[in-house]
Every structure is written in structure tokens, then in C-alpha cells.
Amino acid sequence: AEAHYQLGEYVVAQNKYEFFLSNYPGHKLEREVVYALGWTMLKLKEYRKAAQTFDKLTNGSGALSHAGLFRRGVAEKLSGDLQAARRTFAEVVKREPRGEFSDNALYESGILQYDDNKLSEARPYFQRVAMEYLSSDVLPDARRMLGECLAAESNYKEAMDSFAKAAAQADATFEVKVA
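Now for a quick tour of the structure.

## What to know about the overall build of the protein chain
Stage number 1. What the protein chain contains, in helices and strands, is 11 helices and zero strands.
Stage number 2. Helices (α) and strands (β) of the protein chain occur, in sequence order from the N terminus, as α-α-α-α-α-α-α-α-α-α-α.
Stage number 3. Expressed along its principal axes, the backbone C-alpha trace of the protein chain runs to roughly 60 × 30 × 25 Å.
Stage number 4. Each of the 179 residues in the protein chain was classed as buried or not, and the buried ones make up 46%.
Stage number 5. Restricting the contact set of the protein chain to residue pairs at least 6 apart, pairs at least 24 apart contribute 45%.

## With respect to the layout of surface pockets
Stage number 1. Considering only enclosed or pocket space, the largest pocket measures out at about 190 Å³ in volume.
Stage number 2. If you go around the largest pocket, the residues you meet are Gln 127, Ala 130, Met 131, Arg 143, Leu 146, Leu 150, Glu 158, Asp 161, Ser 162 and Lys 165.

## Considerations on the packing of helix H3 (residues 30-43) against helix H5 (residues 63-79)
Stage number 1. Where H3 meets H5, the closest approach of the two axes is 11 Å, and the angle between their N-to-C directions is 20 degrees. The pairing of H3 with H5 is recorded here as roughly parallel in orientation. Between H3 and H5 lies a crossing of left-handed hand. Mapping the contact onto sequence places Arg 31, Glu 32, Tyr 35, Trp 39 and Leu 42 in H3 and Leu 64, Ser 65, Ala 67, Gly 68, Arg 71, Ala 75 and Leu 78 in H5.
Stage number 2. Grouping the constituent residues of the contact of H3 with H5 by class yields seven nonpolar, two polar and three charged.

## A short note on helix H8 (residues 119-132)
Stage number 1. With 14 residues, H8 extends 20 Å between its outermost C-alpha atoms, agreeing within 8% with the 20 Å of an ideal straight helix rising 1.5 Å per residue.
Stage number 2. Buried residues of H8: Leu 119, Ala 122, Phe 126, Val 129 and Ala 130, and no others. Projected down its long axis, H8 carries its buried residues within an arc of 95 degrees, all on one side.
Stage number 3. Buried residues belonging to H8 abut helix H7 (102-115) and helix H9 (139-152).

## Structural notes on the environment of Arg 123
Stage number 1. Following the sequence through the fold, Arg 123 ends up in helix H8.
Stage number 2. The exposure class assigned to Arg 123 is partly exposed, which follows from its relative accessible area of 21%.
Stage number 3. Each C-alpha atom, one on Arg 123 and one on Glu 148, is 8.8 Å from the other, the two residues being 25 residues apart in sequence.

## Section: the side chain of Arg 72
Stage number 1. For Arg 72, the location among the structural elements is in helix H5.
Stage number 2. In this structure, Arg 72 is in contact with Ala 51, Phe 54, Asp 55, Thr 58 and Thr 88, ignoring residues within four places of it in sequence.

## Some remarks on the packing of aromatic side chains
Stage number 1. For the structure shown, the criterion picks out six aromatic pairs.
Stage number 2. Here the aromatic rings of Phe 20 and Tyr 24 are separated by 5.2 Å at their centres, their planes lie at 35 degrees, and the arrangement is tilted.
Stage number 3. Judged by its relative accessible area of 44%, Tyr 24 is partly exposed.
Stage number 4. With a centroid separation of 5.7 Å and an interplanar angle of 55 degrees, the aromatic rings of Tyr 107 and Phe 126 are classed as tilted. On the criterion of sequence distance, the pair formed by Tyr 107 in helix H7 and Phe 126 in helix H8 is long-range, its members being 19 residues apart. Across the pair, Phe 126 and Tyr 107 agree in class, each one buried.

## A look at the pattern of salt bridges
Stage number 1. Enumeration over the complete set of coordinates arrives at 10 salt bridges.
Stage number 2. Among the ionic pairs, Arg 72 bridges to Glu 76, the shortest N-O distance being 3.2 Å. Note that Arg 72 and Glu 76 are positioned in helix H5 at a spacing of four residues, about one turn of the helix.
Stage number 3. The partner of Lys 77 in a salt bridge is Glu 108, and the shortest N-O contact between them spans 2.5 Å.

Rules used throughout
Residues numbered from 1 in each chain as written. Predicted model: local features only at pLDDT ≥ 70, side-chain atom pairs only at ≥ 80, totals over all residues. Heavy atoms only, no water. Helix = DSSP H or I, 4+ residues; strand = E, 2+ residues; numbered from the N terminus. Buried < 20%, exposed > 50% of the residue type's maximum accessible area, 1.4 Å probe, protein only. Contact = heavy atoms within 4.5 Å. 1 Å grid on protein atoms, 1.4 Å probe; cavity = no way out; pocket = protein on both sides within 12 Å on 5 of 7 lines; lining within 4 Å. Points joined across faces, edges and corners; volume = space filled by probe spheres on them. Axes fitted to C-alpha atoms, helices over the stretch in contact; angles between N-to-C directions. Parallel < 35°, antiparallel > 145°, perpendicular 65-115°, else oblique. Left-handed = near helix turned anticlockwise from the far one by under 90°. Nonpolar A, V, L, I, M, F, W, Y, C, P; charged D, E, K, R; others polar. Expected span 1.5 Å × (residues − 1). Arc of directions from axis to C-beta. Phe/Tyr/Trp six-rings, centres within 6.5 Å; stacked < 30°, edge-to-face > 60°. Salt bridge = Lys/Arg side-chain N within 4 Å of Asp/Glu carboxyl O.

Quick look at the structure:
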């Protein structure tokens, strides 16, 4: 299944993951296979099924539980169920405020508010990433979006500062560097 996934043969990979899960219930790799199946469904743009699959991992604690919860939120967002995505991203942060995906969940929460043109509600999410998650993979993007919110509020000095911090990061994307 993994080889087919890596080759982009997602339907074949999905079938193989499902075969494994149905033939080896309770196997020590079951949760990892469920996670991989969820990713496969994301690649196939079967977002509702992906959300349901990731949901199977959300009970309990541990890295896969936290990852599964975040990925469920992503799948919900991609399926268009934005209310569910908002709740799920909030739950990610609530369960593990310093967890591996909490910064991403905050960023995605901000994006959902920004996309609804609720900039004053989006800003605190981006601010929190910018202030509390200094090693985050979404830090440059959060700083750029914070700058966008501040500029919309006519707070140009802080907006320029946020844009400058975003562009100065080595891992900033092209979009961040030209903002």
C-alpha cells in the first residue's frame, strides 16, 4: 500500500490499506494504517470519508490522536463543512495547547475567519502563532496574515513590522516575501 501511495496510485493504495484493516484487526500497525488511509482519501479528494477515517484516531492521547484530529479538521474544511472544521481546530488546541499541530490549527482557524471577512476575529489566531510558536512551520504565513489584518484595521506601522518579520524568515514562501 505504501509503495502505491508513493507512486501516486491512490485507488490501489486505498484498496490495500482497507484490505489490511479488514484482514488484520487489532494489528499493532492498525492506527498507522488508518492514518495512511485517511491521507489517501485526502489525495483522492474524498474529504468526508477522510474526515470519518481520521475521526477513528481521535479518541485517546498520543501523536496519532492529535494528528488525526487536526487532519479531520483539514478534511472537514476541504469538504466545505466549515463549522465542523472550526470546532475541530479549536479542539486540537484545547486538547494539546503546545501539541505538534496546535499552531497549524490556530493558523487554519484564522484563515477560516479571514475567508469570512472577519478580520478582527482572525487577527488573534495569527497573533497567537506569531507570539507563541516561534519555530512553527506556519510562522511566516501567520505573520503575513497578521499583517493583512492589521493593514485592514489601518494599523500600518504594526502591519509593516509583521510583513518585515515574515519576509525575513529563511523558510518564508515566495508569497510571503513579496507581500
